Amino acid sequence: MLSKIIVLFLFLFLGTYSFSQEKAKKKLTTDDFASWKIIPQKQISNNGKCVVYELNPLKGDGQLIIKSGNSTETVSRGYKAEIGSENNFVAFRIKQPADTLRKAKKEKVSKDKMPKDSLGIYLFHHHQIFTYSKLKSFKLPEDNANWLAFLQEPNEEKTDSLKKKKKHSKEPGETLVLFNVHNQDTIQLNNVTEYTWAKKGGALVCIQQKKDSVETRSTVKLFNAASGTYSDLYNTQGWIKKVSLDENGKQCAFLASKDTIEEKEYSLYFAEKETNAYEVVSSSTQGMPVGWSPSENGNVGFSRDGSKIYLGTAVIPKVEPKDTLLDEEKPKVDVWNWKDRKLQPQQLVEAEKEKKRTYLAVYHIADKRFVQLADLSIPQVKSLQKGDADIASGYSDIPYQRAASWTGGGLRDYYLIDLKTGIKRQILESKRYAKISPQGKFVIWWEPSDSSYYCKSTDINKLDAVSLTKKIPVSFYDEKNDRPMAPSPYGVAGWSEDDRFVYIYDRYDIWKLDPIDEKVPVCVTKTFGRRNFTRLRYEKLDKDLEYIPTSEAILLSAVDERTMSKGYFSAKLSMISDPSLLMMDRFIFTDVQKAKENDKIIWTKQNVKTFPDVWISNLAFEHAEKISDANPQQKDFVWPEVELVEWTSFSGEKLKGLLYKPENLNPNHTYPMVVYYYERSAETRYSHIYPKPSQSTINKTFYASNGYLVFVPDITYKTGYPGESAYNAIVSGTQSLINTYPFIDAKHIGLQGQSWGGYQTAWLITQTDMFAAAMAGAPVSNMTSAYGGIRWGTGMSRMFQYEHTQSRIGGTLWDKPLLYIENSPVFHAPKINTPLLMMHNDKDGAVPWYQGIEMFTALRRLDKRVWLLTYNGENHNLPVKSWANRMDLSKRMFAFFNHYLKGKPAPEWMEKGIPAIEKGKKLGYD
């Protein structure tokens, strides 16, 4: 009896202790955002023995963590690290302290005088960090990284204070420093403007430029890594740019010009085995289009085998005549012409890029032959097999650019270009998706008319197309597509090494298909994915691999569509069998990176309560170890839990959604709820949402920590009725939750959405009064005025969006005017009774600012409760760097919902506003 009493006492004590601990957890506040940490960059060494990652607070100074064996090195403010290929050092940038940068900004220090980054080099063997100040850039060779090169700002010359200081122009270039990682010796070279390593690390080439009162002289210098010495490849009066080496460092190419004017004409030069360089391509070279020359705006590079040099060409820049007019004497006008292929706003957005456009050309070294590949009619050309192939692929969207305003673009004509002759042969016309196989033997494309893949040989003698998927009894297109446009395919996984087979995805599995139609199609995953409602996708672990290695086990990522669990399987595509399960759990697993020399991998896993820390294991995910702990303070705060919910919408469809709840939820209490939405989100069930200031939407973790429920419903659409579709999904889902969970306060439910979600928010409150408050970010309020408007970020017309994509009207304004009116919230403004907060910024490049203004002025005239936040100079969403604006939005949105959903007092900005004369002085939070 006594023992039972003791057990009961312990049970009650532990339960009370546990409850008190739970109650002791804090609610998140906006003050907690700055210290929350993220891991934006991570990598593993080639031998798998070293892992480097950044650990940065959302605001303030971060750290670089270097884990090698049993040792851990922490570098304050380290970032953008690179591990040497020989596994013996790490190079990284070191920021100046945040307080130092803030002080300089406050003192309005000019950009070129701002405190500069330093370079850090950590040597594993010595456990020592070498640092160098005033860093401009650093580079490592991809292989055989025994040297590190970096540019450093030269020290300013000291002047005699007694002498009159004379203004003089800064010497060109920076100080190039070469650091030997074995003996820590350094070699310096002044006035360097460009530098680059050979891929295999045997050589570095740089451009040294010196200037006196008369001329500028440029020198190409080659550094031999084995001997540690420089040699001159070319020296000239004039300018040199775009220096390049082949993989072995035995051949060099660059552009040079002796012009003294700003509009310089360049020629291509070539040097071999440390011999002097000589001109190989100029404006007068045979095959060069008349009036063209090698362009400084194009890249110069070698093919992998070193037999070709690729370069960009363009019209020789013209000397602009001296302007004799005053600025006020010149008209400033954009002339719109109905025949223009692109609208004037799009032309203006792309003007700078067009000025620098170049056209791919090739120089065959052995044959001393120049061939122009791209031209005005086929501007886009891409080499194959890393430049080794004798053909290239090209495409042109020029015939379809004008119609892109209402189609959305994407149609192209595809070509094959012979690298030896430059002859172009059209192989496909008016296709959205087409791709050449890695070896260049086949072209594969998607045919929307019958939702099938087709393939044909690139051999001119074998032009018959083969239907790859038409007879297979599964769909290879997006089965969930609900936009008024042809559905897209699931995609091509890759090809076998010899182009013999192509591997294509259906919704769940991978199929092996024969491009010459001799072998029957085979599902190499043996329909395992379809049988288990699990999507399987190939994970490419070697970025340099151009094919899928079919004779060895590969990694497949997996998503269970029933539970949204994720994981990995192993499969060998040469065998027709069920994939082997490696790991499947209620997490999201991402960012697998493999060591080159063994099967060590790093990866992350996350769910609502688990931050995506860095894990390490072998390829089978065995002996997994977590090697970072970014946010141990999380345990001190109330955190959300998430539940996958299902219901039947008003349209009769079975839908899924997510319900976020505070972990300390008391089922006997009632809680306010915010409904957030954007298309479909159920698959994000296991996403980790760390607390941070808003860019445009609510932070689900922050709201749940503060006693809110957050509901995220999936939405499906019927063409022509996007508003009604949103209503059918969102309202039905909300009502289903109210009927199911008595802890939901049905009288205090809010809405929040941004962009497309902002539109749906604005439209929903014209149809129902069931929501106590609504926040809409960048909402389209008037589809009739938005339809013919411009997406200022791209300069494109918005027509295509309404006819074919997200807005889903499915026709023109003049064909379906009533649908545009019916789906526009502003036409139903008198029916709105729900208090509405909007954010719409004056530089929004996606949804024009006037859409928010139209809604605000309509509701203001109708004497409805409405507020509009406009962040000056900001785009569609507040960028990460706009910390103050994001914090401001977070506080105002939270105060808005707290007032209407929790009954807290309205702050001054809601009650009285902020007069323009008080802008920047008063925030009105109280």
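First, a word on what this report is: a plain description of the structure on this page. From a predicted model like this one, the values you see are computed outputs, not experimental measurements. All residue numbers here refer to positions counted from 1 along the written sequence of the relevant chain. Given that this is a predicted model, residues contribute local features only at a pLDDT of at least 70 and side-chain atom pairs are listed and counted only at 80 or more, while totals for whole chains, interfaces and linings are drawn from all residues. Side-chain calculation: all heavy atoms of the structure are included, whereas hydrogens and water are not.

## Considering the overall build of the protein chain
Stated formally: Per the convention used, a helix needs a DSSP run of H or I reaching at least four residues, while a strand needs a run of E reaching at least two, with both numbered from the N terminus. Put simply, the radius of gyration uses C-alpha atoms, and a globule should come to 2.2 Å times the residue count raised to 0.38. Summary of the burial criterion: residues with accessible area below 20% of their type's maximum are buried, those above 50% are exposed, and those between are partly exposed, where the area comes from a 1.4 Å probe applied to protein chains only. Throughout, a residue-residue contact means that at least one pair of heavy atoms, one from each residue, lies within 4.5 Å. Residue-level accessible areas treat just the shown protein chains as cover; the underlying method is Shrake-Rupley with a 1.4 Å probe. We count Lys and Arg on the positive side and Asp and Glu on the negative side, and we leave His and both chain ends out. A single reference atom marks each charge: NZ on Lys, CZ on Arg, CG on Asp, CD on Glu.
Helix and strand content of the protein chain: 14 helices and 55 strands. Taking 2.2 N^0.38 as the reference for a compact globule, 926 residues should give roughly 29 Å; the C-alpha atoms of the protein chain span a radius of gyration of 31 Å, in line with that estimate. For the protein chain, the spread of C-alpha atoms along the principal axes amounts to about 90 × 75 × 70 Å. Expressed as a percentage of its 926 residues, the buried residues of the protein chain come to 51%. Counting contacts in the protein chain only where the partners sit at least 6 residues apart, residues at least 24 apart contribute 55% of the total. With an accessible surface of roughly 45000 Å², the protein chain has 50% of that area assigned to carbon and sulfur atoms. One finds the centroid of the 127 positive side-chain charges in the protein chain at a distance of 4 Å from the centroid of its 110 negative side-chain charges.

## As for the nonpolar core
Put simply, the test is: To qualify as a nonpolar core, a set must consist of buried Ala, Val, Leu, Ile, Met, Phe, Trp, Tyr and Cys residues joined through side-chain atoms within 4.5 Å.
Membership of the largest hydrophobic core comes to 58 residues, with the highest contact counts inside it found for Val-51, Tyr-660, Ile-698, Tyr-703, Phe-896 and Phe-897. Beyond its immediate sequence surroundings of up to four residues, Tyr-703 is in contact with Val-674, Ile-698, Tyr-708, Val-710, Met-893, Phe-894 and Phe-897.

## A word on the pattern of salt bridges
Just so we agree on the cut-off: Here a salt bridge means any side-chain nitrogen of Lys or Arg lying within 4 Å of a carboxyl oxygen belonging to Asp or Glu.
Evaluated as defined, the whole model comprises 43 salt bridges. Among the salt bridges present, the one from Asp-450 reaches Lys-470, with a minimum N-O distance of 3.8 Å. Pair noted here: Asp-450 is in the loop between β31 (442-447) and β32 (452-457) and Lys-470 is in the loop between β33 (466-467) and β34 (492-495), with a separation of 20 residues, a long-range link. The class for Asp-450 is partly exposed, based on a relative accessible area of 24%. Taking relative accessible area as the criterion, Lys-470 reaches 52% and is therefore assigned exposed. Asp-506 serves as the salt-bridge partner of Arg-530, at 3.4 Å between the closest nitrogen and oxygen. Of this pair, Arg-530 sits in helix α5 (residues 528-531) while Asp-506 sits in the loop between β35 (502-505) and β36 (510-513); the two residues are 24 residues apart in sequence, bridging distant segments of the chain. A relative accessible area of 1% means that Asp-506 is categorised as buried.

## Focus: unusual backbone geometry
Even without being a glycine, Phe-621 presents a positive backbone phi close to 60°. Here Phe-621 shows up in the loop between β44 (614-618) and β45 (625-626). Assessed through its relative accessible area of 8%, Phe-621 is described here as buried. Positive phi, normally seen in glycine, also occurs at Arg-808, with a value near 65°. Within the secondary structure layout, Arg-808 lies in the loop between α10 (799-803) and α11 (817-822).

## What about the environment of Gly-707?
Within the secondary structure, Gly-707 sits in the loop between α6 (700-705) and β49 (709-713). Remark: the alpha-carbon pair of Gly-707 and Pro-672, spanning 35 residues in sequence, is separated by 7.6 Å. Beyond its immediate stretch of four places on either side in the chain, Gly-707 contacts Pro-662, Tyr-671, Pro-672 and Lys-902.

## Structural notes on the side chain of Ser-267
Note that Ser-267 resides in strand β19 (residues 267-272). With near-sequence residues (within four places) excluded, Ser-267 lies in contact with Phe-254, Leu-255, Ala-256, Glu-279, Val-281, Ser-282 and Pro-294.

## Side note on the pairing of strand β50 (residues 744-754)
The criterion, for reference: The criterion for strand pairing is that DSSP finds at least two bridges linking the strands in question.
Judged by how many residues are buried, β50 sits mostly within the fold: eight of eleven residues are covered. Relative to β50, strand β48 (residues 671-676) runs parallel, the two being bridged by five bridges. In the strand pairing of β50, Tyr-671 is matched with Ile-744. When β50 meets strand β51 (residues 773-777), the two strands line up parallel, connected through five bridges. Bridge pairing in β51 links Gln-754 to Gly-777.

## Things to note about helix α13 (residues 883-902)
Note the following rule: Helix span, expected: 1.5 Å multiplied by one less than the number of residues in the helix.
The end-to-end C-alpha distance of α13 is 27 Å, a good match for the 28 Å that 20 residues give at a rise of 1.5 Å each. In terms of burial, α13 is a largely internal element, 15 of the 20 residues being buried. Looking one or two places after α13, you find Gly-903, whose phi comes out positive at around 75°.

## Here's the deal with the sheet that holds β19
The strands that make up a sheet are held in pairs by hydrogen bonds between backbone atoms, and each pair lies either parallel or antiparallel. Let me state the cut-off plainly: Geometry is summarised by axes, namely lines fitted to C-alpha atoms with helices restricted to the contacting stretch, and by angles between N-to-C directions that run from 0 to 180 degrees.
Taken together, the four strands give an open sheet; going across it, the order is β17-β18-β19-β20, and neighbouring strands pair in antiparallel fashion. Bordering the open sheet on either side are β17 (239-245) and β20 (278-281), each of which pairs with just one other strand. Taking each pair of neighbouring strands and ignoring which way they run, the sheet shows an average axis angle of 35°. As paired strands, strand β18 (residues 251-257) and β19 are joined by six bridges and run antiparallel to one another. Counterpart to Ala-256 in the pairing with β19 is Ser-267.

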